[in-house]
Amino acid sequence: MKGAPAKNAPKTKAPPKTKAAAKAKAAVGAAKSKAASAKPKPAGTGTRKPSGTAARTVGKTTGKTGGKTAGKTAGTAKKAPGARKPQGPPAAAAAAPSASPPLQRDSFGSRAGRVLVMLLAFVCMVGFAAALAKATLVPQPGSSDLVHTNLQPGDSLRAYLDQPAIRDSVKQIGGNVLLGAPFGVLLPMLVPKARGAVRVVLVTSLVMVLVEVAQGAIVEGRAFDIDDVILNTSGALLGYFLIGRRLGHALHPRRHHWWQRRGKSA
């Protein structure tokens, strides 16, 4: 048949590659490899996945930390409801009334006792005022030539101590001291604002100065003596520290001083 190749026709071989073509092909491959290396790598491509041991260690650490945090959070949540009902303040509040003095409590018996003590102190103050008036404002005509006004502290005290009889010296000095002692005992009970050593001294000094002025100006046979004021005030201070301070604290709450109020306001 026409067109069929001859069976015995020789096969044609591909032409051998030349060195120039091989060099060109190598240059094209190198260019492709450079272009591929120049392309930016996607994110996360350069990070390595942790190995199995590292992954287990990280997992254990995370589990322990998470477990401790969850435990603390749960413990705080459990303690939170208990914090609403603290046990300390109720106990302190319950102990507060018992710690206050008996006469300062709100019970009926405490109020009645406080009223009785105040009434008794008032009666004592009235009796003391009567005794003070009798001892200082009663005229003594026979002593007009013996007494004289003394404005120099210490002159009458030396005269009292220079008396030949010790009994007379004790009577003069001790009598003036005892005459002022009731002020230091009764003032803190009847007048809460007069509590304090300085206030007791000021009130007693003012009252005794008025008494001495009345003696020198009105009463016959008596004169103003500054030493009597000093002795009366010393007696009031002594009575305050011995008895009056305790009685004042038993009847009235403690007084807040001005420096304490200033510290709280600041």
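Note that the coordinates shown come from a computational prediction; the quantities given were computed from them, not determined experimentally.

## Digging into the nonpolar core
Here's step 1: Within the largest apolar cluster, 16 residues are counted, with the highest numbers of intra-cluster contacts made by F128, L132, F183 and M208.
Here's step 2: Elements represented by at least two residues in this core include exactly α4 (108–136), α6 (166–190), α7 (197–217) and α8 (226–251).
Here's step 3: The greatest single-element share of this core, amounting to five residues, is contributed by α6.
Here's step 4: Dropping the residues within four chain positions of it, F183 is found in contact with F128, L132, P188, T204, V207, M208 and A236.

## Notes on the packing of α6 against α8
Here's step 1: Interaxial distance between α6 and α8 falls to 5 Å at its minimum, and their mutual angle equals 30 degrees. The interaxial crossing formed by α6 with α8 has right-handed handedness. Contact with α6, carried on its side by I173, N176, V177, L179, G180, A181, F183, G184, V185, P188 and M189, involves D228, L231, N232, G235, A236, G239, Y240, I243, G244, L247, G248 and L251 of α8 and no other residues of that element.
Here's step 2: Its residues assigned to classes, the contact of α6 with α8 shows 14 nonpolar, eight polar and one charged.

## Digging into α8
Structural remark: α-helix, 3.6 residues per turn; residues separated by three or four positions point the same way.
Here's step 1: Bending of α8 peaks at approximately 55 degrees at the position of Y240.
Here's step 2: Measuring from the side-chain oxygen of the N-cap residue of α8 to the backbone nitrogen of D227 gives 3.0 Å; that N-cap residue is D225.

## So, a nonpolar patch on the surface
Here's step 1: Side chains of L119, F122, V123 and V126 sit close together on the surface and give an oily, nonpolar patch of about 390 Å² of accessible area.
Here's step 2: When you line up the elements, V123 lands in helix α4.

## Some words on the packing of aromatic side chains
Here's step 1: The final tally for this structure, using the stated rule, is two aromatic pairs.
Here's step 2: Aromatic side chains F128 and F183 sit 5.0 Å apart centroid to centroid with 90 degrees between the ring planes, which places their arrangement in the edge-to-face category. One end of the pair, F128, is in helix α4; the other, F183, is in helix α6, with 55 residues separating them in the sequence. F183 shares its class with F128; the two are buried.
Here's step 3: With centroids separated by 5.3 Å and ring planes inclined at 70 degrees, the aromatic side chains of Y240 and F241 adopt a geometry described as edge-to-face.

## Remarks on α4
Here's step 1: The terminal C-alpha atoms of α4 lie 42 Å apart, and with 29 residues this matches the ideal 42 Å at 1.5 Å per residue to within 8%.
Here's step 2: Of all the positions in α4, only S110, G113, A121, M125, F128, L132 and T136 are classed as buried.

## Quick word on the environment of Q163
Here's step 1: Relative to the helices and strands, Q163 resides in the loop between α5 (155–161) and α6.
Here's step 2: By relative accessible area, which is 25% here, Q163 ends up partly exposed.

## Things to note about the confidence of the model for the protein
Here's step 1: Taken over all residues, the pLDDT of the protein has a mean of 74, while the share at 70 or more is 58%.
Here's step 2: The spread of mean pLDDT over the elements of the protein runs between helix α3 (residues 88–99), the lowest at 48, and α8, the highest at 93.
Here's step 3: Within the model, pLDDT remains below 50 along residues 76–83, and this stretch shows zero contacts once partners closer than five positions in the same chain are excluded.
Here's step 4: Predicted confidence for residues 88–97 stays below pLDDT 50, and this span has one contact to residues more than four positions away or in other chains.

## Quick look at the packing of α4 against α6
Here's step 1: As a packed pair, α4 and α6 sit with axes 10 Å apart at the nearest point and diverge in direction by 150 degrees. Compared by their axis directions, α4 and α6 come out roughly antiparallel. With respect to the hand of their crossing, α4 and α6 are arranged in left-handed fashion. Each of V117, M118, A121, F122, C124, M125, F128, L132 and T136 in α4 lies in contact with α6, whose residues at this interface are L179, P182, F183, L186, L187, M189 and L190.
Here's step 2: For the contact of α4 with α6, the per-class residue count stands at 15 nonpolar, one polar and no charged.

## A short note on the side chain of D228
Here's step 1: Along the chain, D228 falls in helix α8.
Here's step 2: R222 provides the closest opposite charge to the buried, salt-bridge-free D228, at an N-O distance of 7.2 Å.

Conventions we followed
- Residues numbered from 1 in each chain as written.
- Predicted model: local features only at pLDDT ≥ 70, side-chain atom pairs only at ≥ 80, totals over all residues.
- Heavy atoms only, no water.
- Core = buried A, V, L, I, M, F, W, Y, C linked by side-chain atoms within 4.5 Å.
- Buried < 20%, exposed > 50% of the residue type's maximum accessible area, 1.4 Å probe, protein only.
- Helix = DSSP H or I, 4+ residues; strand = E, 2+ residues; numbered from the N terminus.
- Contact = heavy atoms within 4.5 Å.
- Axes fitted to C-alpha atoms, helices over the stretch in contact; angles between N-to-C directions.
- Left-handed = near helix turned anticlockwise from the far one by under 90°.
- Nonpolar A, V, L, I, M, F, W, Y, C, P; charged D, E, K, R; others polar.
- Bend = angle between axes of the 7 residues up to and from the residue.
- Polar contact = N/O pair within 3.5 Å; in protein donor to acceptor, adjacent residues only side chain to side chain.
- Patch = residues over 30% accessible without salt bridge, like charges linked within 9 Å, V, L, I, M, F, W, Y side chains within 5 Å.
- Areas by Shrake-Rupley, 256 points an atom, 1.4 Å probe, with all protein chains shown as cover.
- Salt bridge = Lys/Arg side-chain N within 4 Å of Asp/Glu carboxyl O.
- Phe/Tyr/Trp six-rings, centres within 6.5 Å; stacked < 30°, edge-to-face > 60°.
- Expected span 1.5 Å × (residues − 1).
- pLDDT = per-residue confidence, 0-100.
- Parallel < 35°, antiparallel > 145°, perpendicular 65-115°, else oblique.
- Lys, Arg positive; Asp, Glu negative; His and termini not counted.

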